[in-house]
Amino acid sequence: MTILGLSCFYHDSAACLVRDGRIVAAASEERFSRRKHDPEFPEQATAYVLREAGLTPADLDVVAFYDKPFQKFERLLESYLAYAPRGLRSYLQAMPRWIKQKLWIPEIVKDELLKLEHAMGNVDFAKDDLACTFVYPEHHESHAASAFFPSPFEEAAFLTVDGVGEWATTSWGTGRGNRVAIEAEIHFPHSLGLLYSAFTYFCGFRVNSGEYKLMGLAPYGEPRYVDTIREHLIDLRDDGSFRLHMDAFEYVAKLRMTGRRFAELFDGLRREPESPLTQREMDLARSVQAVTEEALLRMARHVHAQTGLPDLCLAGGVALNCVANGRILRESPFERVWIQPAAGDAGGALGAALMAWHHWADQSRVGESTDAMRGSYLGPAFSDDEIRAALDAVFDGEAYEGVVPYEYVGLDAVPQRTAELLAAGQTVGWFQGRMEFGPRALGHRSILADPRGRDVQRRVNVQIKFRESFRPFAPSVLAERGADYFGLKPGDAAAESPYMLLVGPVLGAEIEGTGLDRLQQIQSRVPAVTHVDGSARVQTVDPARSPLYHALLRAFEAETGCPVLVNTSFNVRGEPIVCAPEDALRCFLHTDMDALVLGPYLLTKSTIPGAREAVLTADAIAATYGLD
């Protein structure tokens, strides 16, 4: 049985292909369209997952959409009616797209699949020839399925927390065998995800993409607004259930998250985007992060008390809050925690496909020898010939006549050659194997650097990523050495962090100072990956999931004695992570990266004529890429 899972028309559209219960491929549309958080039908992602399986749309048995559009439309209408006549502008803006698109999912999907079938060569194929069945799990069922079914647990509790699905914003329940069952929910407009997004907006960051920035900013501040949040914004109960005081929020009926009442509570107007950060924003970030962590810990304790199960699975956009995840692992009664690496709406495509396999088709879970998510390396890979063609296309000009600006070194030699460059202080773009599914770069589409350098964090942020200098970098560490640097116990499944979704302490780290000054006061063996609270968002790397990346870390350790690397996503600010060799080459040539390893090929700026002069500024990058 072949099942296509889809999420689209809101943000982070994606496609997933499940065949006989196994996840074959999954990818977000943004990686192909190069439009960050692309919400449109995932045409290119769907074409990719079908190609990866060797199929065409005619071979599909089931199409699973990640939520129930009519229930979501019902919530929209009821919310507008409850607040009328406020919100008229928002209503008038939303309705045309619902009427023309979002209520007609089967017809739109069939039209798109027909276009793909024709593009794949079957030009005589008609829409009526599509024999696939459409199924619509609820939004939080899709999240729950994405959390439990790929997990290593035969039985576990789950907790899903996000902005909003149809009505649910939070749910918990149990997974057993081939079934997930939601036991309780919290409904819109009461939402922990939207509370966090309201502060993201108020601090001048973009909703649905700036939440990472808020989490990274939090350790610079003090939790001085916690009491205000608890008194005026959220009624948080012992079992983790909550209600928001809606007089401070405007997201139900208007096109903004907060208004006058919110500003009165928090010492002035919303920060203008791109304006200087002040101590107020740092303190706001720290305060809402503290409240969010406390809410999630209470939920986890309640779910454990209700289920008595030792294992917990997490999904939903709030499950990407790796600081809170680390606290749940360390402080809740659960023995093990497994987090879906594509925890947000993109992962809903995967969860919908698995719901169709297990619930609709009533099929058993399919065993995996290591990891059902396959390291989350579910995107496209590119052959040596495809990489060579991309290189030749870029360097086929008069400026390169008589010069071959790249070197074929072979995959066997790649780890050692790359380790030598990193040990010499160079920053390296690393493009290998299948692209990651989810928001984290996990060593296949990464920018790498030596974590021991004190200036590395600022240089990579400002000169390569073109992003805020306060934002931390994550470390990749050999799984067998995690305990030596980050307090992770080797062989303890509870302390594995292959998906970079857990924050833990950096052993021996000491930080002084206040505010942004703390960034200059970090004392650590690996200062480039030590955040200002002495923590790090750790990725543990093992040879089963990523053998080449593991070999690189071992080679770097042999060169330097350090089994850790800076690992940040291969992209610039405002751009999705690179997908194809062409994307990687463009990013490398336009930024201050020193070297690029594309499969078995090595490029260094020093051997490319005019490469240093061609590096663009942040503004020029934005104009060139069409970024905002």
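Scroll up for the structure.
Model, not experiment: these values are computed from the prediction.

Draft legend 1. Structural context of the overall build of the protein. Looking only at helices and strands, one finds 20 helices and 23 strands in the protein. Since a compact globule built from 628 residues should have a radius of gyration of about 25 Å, the 24 Å found for the protein is in line with a globular shape. Its C-alpha atoms give the protein principal-axis dimensions of roughly 70 × 70 × 50 Å. Counting only residues that meet the buried cut, the protein has 60% of its 628 residues in that class. Taking the contacts inside the protein whose residues are at least 6 apart along the sequence as the reference set, 71% of them involve residues at least 24 apart.

Draft legend 2. View of the nonpolar core. Counting residues in hydrophobic clusters, the biggest one holds 142 residues, and the most contacted among them are F199, L233, F249 and F266. For this core, the leading source of residues is helix α11 (residues 279-307), giving 11 residues. When near neighbours in sequence (up to four residues on either side) are disregarded, L233 contacts L195, F199, T228, R243, L244, H245, A248, F249, F262, L265 and F266. In this structure, V460, L478, F556 and I621 belong to the second largest nonpolar core, which totals 61 residues.

Draft legend 3. Focus on the pattern of salt bridges. Evaluated as defined, the whole model comprises 38 salt bridges. A salt bridge links K127 to D111; the nearest nitrogen and oxygen atoms lie 2.5 Å apart. With a gap of 16 residues between them, K127 in the loop between α5 (105-119) and β5 (133-135) and D111 in helix α5 connect regions that are remote in the sequence. Given a relative accessible area of 26%, K127 falls into the partly exposed group. A salt bridge links R327 to E331, with the nearest nitrogen and oxygen atoms 2.9 Å apart. Of the two residues, R327 and E331 are both situated in helix α12 (residues 322-331); the distance of 4 residues between them amounts to about one turn of the helix. Each member of the salt-bridge network shares a partner with another, and the members are K213, E274, E468, R471 and R573.

Draft legend 4. Quick look at the packing of aromatic side chains. Within the structure shown, the criterion is met by 22 aromatic pairs. Centroid distance Y485 to F486: 6.3 Å. Interplanar angle 40°. Geometry classified as tilted. The exposure classification of Y485 matches that of F486, with both residues buried. Taken together, the ring pairs connect F188, F199, F202, Y225, F249, Y251, F262 and F266 into an aromatic cluster. Geometry around Y10 places K72 over its ring, the cationic atom sitting 3.7 Å from the centre.

Draft legend 5. How the structure looks around the sheet that holds strand β4 (residues 62-65). Read from one edge of the open sheet, 5 strands run β3-β2-β1-β4-β5, paired in mixed fashion. Only two strands of the sheet have a single partner each, and these edge strands are β3 (22-28) and β5. Adjacent strand axes in the sheet meet at a mean angle of 20° when their direction is disregarded. On top of the sheet, helix α13 (residues 345-360) reaches β1 (2-7), β2 (14-19), β3, β4 and β5; it is set at about 145° to β1, its chief contact.

Draft legend 6. A look at the packing of helix α3 (residues 69-83) against helix α4 (residues 88-102). With their axes 12 Å apart at the nearest point, α3 and α4 run at an angle of 160° to one another. In this view, α3 runs roughly antiparallel relative to α4, as classed from their interaxial angle. For the pair α3 and α4, the sense of crossing is left-handed. Residues P69, K72, F73, L76, L77 and Y80 of α3 form the contact with α4, whose own contacting residues are S90, Y91, A94, M95, W98 and K102.

Draft legend 7. Quick peek at a negative patch on the surface. On the surface, D384, D385, E386 and E582 cluster together into a patch of negative charge. When residues in the negative patch are grouped by element, the largest group, 3 residues, is from helix α14 (residues 384-394). Structurally, the position occupied by D385 is in helix α14.

Draft legend 8. Representation of unusual backbone geometry within the structure. For the peptide bond that leads from F188 to P189, omega is 10°, which places it in the cis range. Its place among the elements puts P189 in the loop between β8 (179-187) and α7 (192-202). For S376, which is not glycine, the phi torsion reads 65° and is therefore positive. Along the chain, S376 turns up in the loop between α13 and α14.

Draft legend 9. The arrangement of the pairing of strand β12 (residues 336-339) in detail. Of the pairings in the sheet, the one linking strand β11 (residues 311-315) to β12 comprises 4 bridges and is parallel in character. Each bridged residue has a counterpart across the sheet, and for C313 the counterpart in β12 is W338. In this region the chain leaves β11, passes through α12 and returns to the parallel neighbour β12; the handedness of that crossover is right-handed.

Draft legend 10. Quick look at the packing of helix α15 (residues 414-423) against helix α18 (residues 547-560). Where α15 meets α18, the closest approach of the two axes is 8 Å, and the angle between their N-to-C directions is 50°. Viewed along their axes, α15 and α18 adopt a mutual orientation that is oblique. Viewed along their axes, α15 and α18 form a crossing whose handedness is right-handed. Mapping the contact onto sequence places P415, Q416, T418, A419, E420, L422 and A423 in α15 and L548, A551, L552, A555, F556, E559 and T560 in α18. Partitioning the contact of α15 with α18 into residue classes produces 9 nonpolar, 3 polar and 2 charged.

Draft legend 11. Seen up close, the environment of K36. Positionally, K36 belongs in the loop between α1 (30-33) and α2 (43-53). Counting along the chain gives 70 residues from K36 to P106, while the straight-line C-alpha distance between them is 25 Å. Beyond its immediate chain neighbours, meaning those up to four positions away, K36 contacts E30, G574, E575 and P576.

Draft legend 12. Main features of α13. Under the 1.5 Å per step criterion, the end-to-end length of α13 is 21 Å for 16 residues, consistent within 8% with the ideal 22 Å. In terms of burial, α13 is a largely internal element, 14 of the 16 residues being buried.

Draft legend 13. Layout of the sheet that holds strand β17 (residues 502-505). Overall, mixed pairing links the 9 strands, which are arranged β13-β23-β22-β14-β15-β21-β16-β20-β17 in an open sheet. Strands with a single pairing partner mark the edges of an open sheet, and in this sheet they are β13 (407-408) and β17. Sheet topology note: the strand β22 (residues 595-598)/strand β23 (residues 601-604) ladder contains 4 bridges and is antiparallel. When the bridges of β23 are listed, L598 appears paired with Y601. Packing of helix α19 (residues 581-590) onto the sheet brings it into contact with β14 (428-431), β22 and β23, and relative to β22 it is tilted by some 175°.

Draft legend 14. Highlighting the side chain of R271. Mapping R271 onto the fold places it in the loop between α10 (260-265) and α11. One buried charge, R271, has no salt-bridge partner; the nearest side chain with opposite charge is E281, at 4.8 Å. A polar atom in the side chain of R271 sits 2.7 Å from the backbone oxygen of C203. If near-sequence neighbours (up to four positions away) are discounted, R271 is found in contact with F202, C203, G204, F205, P276, L277, R280 and E281.

Parameters at a glance
- Residues numbered from 1 in each chain as written.
- Predicted model: local features only at pLDDT ≥ 70, side-chain atom pairs only at ≥ 80, totals over all residues.
- Heavy atoms only, no water.
- Helix = DSSP H or I, 4+ residues; strand = E, 2+ residues; numbered from the N terminus.
- Rg over C-alpha atoms; globule rule 2.2 N^0.38 Å.
- Buried < 20%, exposed > 50% of the residue type's maximum accessible area, 1.4 Å probe, protein only.
- Contact = heavy atoms within 4.5 Å.
- Core = buried A, V, L, I, M, F, W, Y, C linked by side-chain atoms within 4.5 Å.
- Salt bridge = Lys/Arg side-chain N within 4 Å of Asp/Glu carboxyl O.
- Phe/Tyr/Trp six-rings, centres within 6.5 Å; stacked < 30°, edge-to-face > 60°.
- Lys NZ or Arg CZ within 6 Å of the ring centre and 35° of its normal.
- Pairing = 2+ DSSP bridges.
- Axes fitted to C-alpha atoms, helices over the stretch in contact; angles between N-to-C directions.
- Parallel < 35°, antiparallel > 145°, perpendicular 65-115°, else oblique.
- Left-handed = near helix turned anticlockwise from the far one by under 90°.
- Patch = residues over 30% accessible without salt bridge, like charges linked within 9 Å, V, L, I, M, F, W, Y side chains within 5 Å.
- Areas by Shrake-Rupley, 256 points an atom, 1.4 Å probe, with all protein chains shown as cover.
- Lys, Arg positive; Asp, Glu negative; His and termini not counted.
- Charge placed at Lys NZ, Arg CZ, Asp CG, Glu CD.
- Right-handed = clockwise from strand over helix to strand, strands pointing away.
- Nonpolar A, V, L, I, M, F, W, Y, C, P; charged D, E, K, R; others polar.
- Expected span 1.5 Å × (residues − 1).
- Polar contact = N/O pair within 3.5 Å; in protein donor to acceptor, adjacent residues only side chain to side chain.

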